[in-house]
Amino acid sequence: MWFRSLRNTVAQIRYSNGYSSRIKISSFLLTVNPSPFLTKVSSISFSSSVIVVNTSQFHNPSSNFSSIVASYPINSVGLSESEAISASKKVHFETTSKPDSVLSLLESYGFTKPYISKLITRAPSILSSEPEISLKTQFDYFNSKGLSGIDLAKVISSEPRILRASLTTQIIPVFDILRNIVHCDENVVLILRRHSWILSDKRCIKNMTLNIELLRNEGVPQSNISNFLISRPRALTMNTSKYKESVEEIKDMGFEPYKTTYLLAIHVINGLSKSNRESRVAVYRRFGWSEEQIHNAFRYHPVCMMTSEKKITSVMDYLVNQMGYSSSYIAQYPSIFCYSLEKRIIPRCSVYKTLTSKGLVKNQFSLISLLALCEKSFSMKFVKEYAQKVPQLSEVYKGQFNSQNLLISSSSKRLSEGVK
């Protein structure tokens, strides 16, 4: 119990942890804790109007708020401790009423817990927002355009900057610009699901409109522009001066504006430095491609230049050295380099080689036709059709059985039959 008479004065309390405050003390017997913020005091000493308090545990009211802010994302959103600590530095609230209403609103619009966690991690300040004012209006607009539920949650959690953008001066104008190009709300929603950043970046929108105008002037059909914007909007948001240089470069190469490869070529030129393109050309040369073959391959399928040097080497090595195709033959089908070596090229070539070696299929299918077939069609035509005659064929297709063993056994069987 604390007993000490204090006369009327204004005293400054200093605590051992550095916190200090000034209080007015009236003459009375101090029979309670000297400060409501102290929970454990080891000693008090007086010096003039300064009271020095040594405490082993100091409780500041603001620490209550910090504790709430730090623990709330863990308990209510499911963030990790480190994520919650990081979030607590960017958000301030004294009670949980506002963040509770924010979470309730998000859930009512179809946000599941994983997307809420992702959103809070990337934009914790949302917990301090006015949900009925800043969030509901935007969400209602997106819902009216066909963007709702999980799709809305994906877009917002991937690009939370959208929530800071003005609905009237940013979001609606950008949405209208996109709709004028791709013709309907459904296509705009498709763009946003793939590339949500486009709503929040004013500079990109400005570049995009200027670049599209350039393409129109060059004679690129509107349908090609619309389809390309839906699939690769970022490719149309490049710096306008650089984009114009790329257009001039592919014109010199002989690309024709009305073909879809025209836009793909611009995309490749913008996406790769000149040195990177030259290094890929060098790989094709090492496998015997002529300058004309390289040029034709790029004109036919520009994306073949975006394939890494390592993959080009691996695909060429497998097809030439293991499958026996000539390098010149492969040059006719540059789209081959866009397929996965492990998941598509090797499994299908292994099945086909097994079937031809056993005489079950004549060697009449082109390589590109084998690779271009959809999964269901290839499986029905080349795997299930011959499953009884070659029981291990399914395992060969799945990579669980070495097709070379089948080839060796087939060769041995034919040899033994010949001896007889």
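Residues numbered from 1 in each chain as written. Predicted model: local features only at pLDDT ≥ 70, side-chain atom pairs only at ≥ 80, totals over all residues. Heavy atoms only, no water.

Turning to the protein, the UniProt record has this under Sequence similarities (unreviewed entry): "Belongs to the mTERF family." (UniProt positions renumbered as here; feature names shortened; annotations may be inferred.)

Caption draft 1: Representation of the overall build of the protein within the structure. For the protein, the count of helices and strands is 21 helices and six strands. Within the span of the protein, comprising 420 residues, buried residues form 41% of the whole. Taking the intrachain contacts of the protein between residues at least 6 apart in sequence as the baseline, contacts between residues at least 24 apart amount to 66%. Here the protein has roughly 22,600 Å² of accessible surface; of this, 50% comes from carbon and sulfur atoms. (Helix = DSSP H or I, 4+ residues; strand = E, 2+ residues; numbered from the N terminus. Buried < 20%, exposed > 50% of the residue type's maximum accessible area, 1.4 Å probe, protein only. Contact = heavy atoms within 4.5 Å. Areas by Shrake-Rupley, 256 points an atom, 1.4 Å probe, with all protein chains shown as cover.)

Caption draft 2: Structural context of the nonpolar core. Counting 91 residues, the largest nonpolar core has Phe111, Leu215 and Leu319 as the members making the most contacts within it. Contact partners of Leu319, with chain neighbours within four places excluded, come to Gly324, Tyr325, Ile330, Ile336, Ile345, Cys349 and Leu367. Counting 13 residues, the second-largest nonpolar core is a separate cluster that includes Phe382, Val383, Val390 and Val396. (Core = buried A, V, L, I, M, F, W, Y, C linked by side-chain atoms within 4.5 Å.)

Caption draft 3: Spotlight on the environment of His183. Structurally, His183 can be placed in the loop between helix H7 (167-182) and helix H8 (185-194). Taking relative accessible area as the criterion, His183 reaches 57% and is therefore assigned exposed. Those residues in contact with His183, other than ones at most four positions away along the chain, are Leu178, Gln222 and Ser226.

Caption draft 4: How the structure looks around the side chain of Asp201. As for its position among the elements, Asp201 is in the loop between H8 and helix H9 (202-218). Lacking a salt bridge, the buried Asp201 has Arg203 as its closest oppositely charged neighbour, with an N-O distance of 4.4 Å. Within polar-contact distance, the side chain of Asp201 engages the backbone nitrogen of Cys204 at 3.2 Å. (Lys, Arg positive; Asp, Glu negative; His and termini not counted. Salt bridge = Lys/Arg side-chain N within 4 Å of Asp/Glu carboxyl O. Polar contact = N/O pair within 3.5 Å; in protein donor to acceptor, adjacent residues only side chain to side chain.)

Caption draft 5: Looking closely at helix H19 (residues 375-383). Within H19 the residues assigned to the buried category are Phe378, Ser379, Phe382 and Val383. All buried residues of H19 project into a common sector of 100° when viewed along the axis, lining one side. Residues of H19 that are buried make contact with helix H17 (341-357), helix H18 (367-372) and helix H20 (393-398). (Arc of directions from axis to C-beta.)

Caption draft 6: Structural context of the packing of aromatic side chains. Within this structure, the stated rule accounts for 15 aromatic pairs. Pairing Tyr141 with Phe175 gives two aromatic rings, centres 5.8 Å apart and planes at 80°, and the pair type is edge-to-face. Within this pair, whereas Tyr141 is found in helix H5 (residues 131-144), its partner Phe175 is found in helix H7, the two being separated by 34 residues in sequence. Residues Tyr141 and Phe175 agree in their burial class; the two are buried. Taken together, a centroid distance of 6.1 Å and an interplanar angle of 70° make the contact between Trp289 and Phe337 edge-to-face. Placement of the pair is Trp289 in the loop between helix H13 (274-286) and helix H14 (291-300) and Phe337 in the loop between helix H16 (327-331) and H17, with a sequence separation of 48 residues. Residue classification places Trp289 among the buried residues on the basis of a relative accessible area of 4%. A relative accessible area of 1% places Phe337 in the buried class. (Phe/Tyr/Trp six-rings, centres within 6.5 Å; stacked < 30°, edge-to-face > 60°.)

Caption draft 7: The layout of surface pockets, seen in detail. For the largest pocket, the calculated volume is near 310 Å³. Around the largest pocket sit 13 residues that line it, and Met253, Arg277, Val281, Ile294 and Met305 are the ones nearest its centre. In terms of residue count, the dominant contributor to the lining of the largest pocket is H13 (five residues). Grouping the constituent residues of the lining of the largest pocket by class yields six nonpolar, one polar and six charged. (1 Å grid on protein atoms, 1.4 Å probe; cavity = no way out; pocket = protein on both sides within 12 Å on 5 of 7 lines; lining within 4 Å. Points joined across faces, edges and corners; volume = space filled by probe spheres on them. Nonpolar A, V, L, I, M, F, W, Y, C, P; charged D, E, K, R; others polar.)

Caption draft 8: A look at the environment of Lys389. Mapped onto the secondary structure, Lys389 falls in the loop between H19 and H20. Look at Lys389 and you get exposed, because its relative accessible area is 61%. Taking C-alpha positions, Lys389 is 9.8 Å from Leu355, a pair spaced 34 residues apart along the chain.

Caption draft 9: Here's a closer look at the pattern of salt bridges. Taken as a whole and assessed by the stated rule, the structure comprises 13 salt bridges. For the salt bridge of Arg179 with Asp185, the shortest nitrogen-to-oxygen distance reads 3.1 Å. Between Glu291 and Arg285 there is a salt bridge; the shortest N-O distance is 2.4 Å. Residue Glu291 is classed as partly exposed on the basis of its relative accessible area of 48%. Bridged by salt links that share partners, the residues Lys145, Asp176, Arg179 and Asp185 form one connected network.

Caption draft 10: Fine view of the confidence of the model for the protein. Across the protein, the average pLDDT comes to 78, with 72% of residues at 70 or higher. Contacts from residues 1-70, a stretch scored under 50 in pLDDT, to residues over four places away or in other chains number 115 contacts. (pLDDT = per-residue confidence, 0-100.)

Caption draft 11: Layout of the environment of Glu159. The topology assignment puts Glu159 in the loop between helix H6 (149-158) and H7. Along the chain, Glu159 and Arg122 lie 37 residues apart, while their C-alpha atoms are 8.7 Å from each other.

Caption draft 12: The arrangement of H9 in detail. Between the first and last C-alpha of H9 there are 25 Å, a value that for 17 residues agrees with the 24 Å anticipated at 1.5 Å per step. Residues of H9 that are buried in the fold lie against H7, helix H10 (222-231), helix H11 (240-252) and helix H12 (260-271). Of the residues that open H9, the one with a side-chain oxygen 3.2 Å from the backbone nitrogen of Arg203 is Asp201. Within two residues after H9, Gly219 carries a phi angle of roughly 100°, on the positive side. (Expected span 1.5 Å × (residues − 1).)

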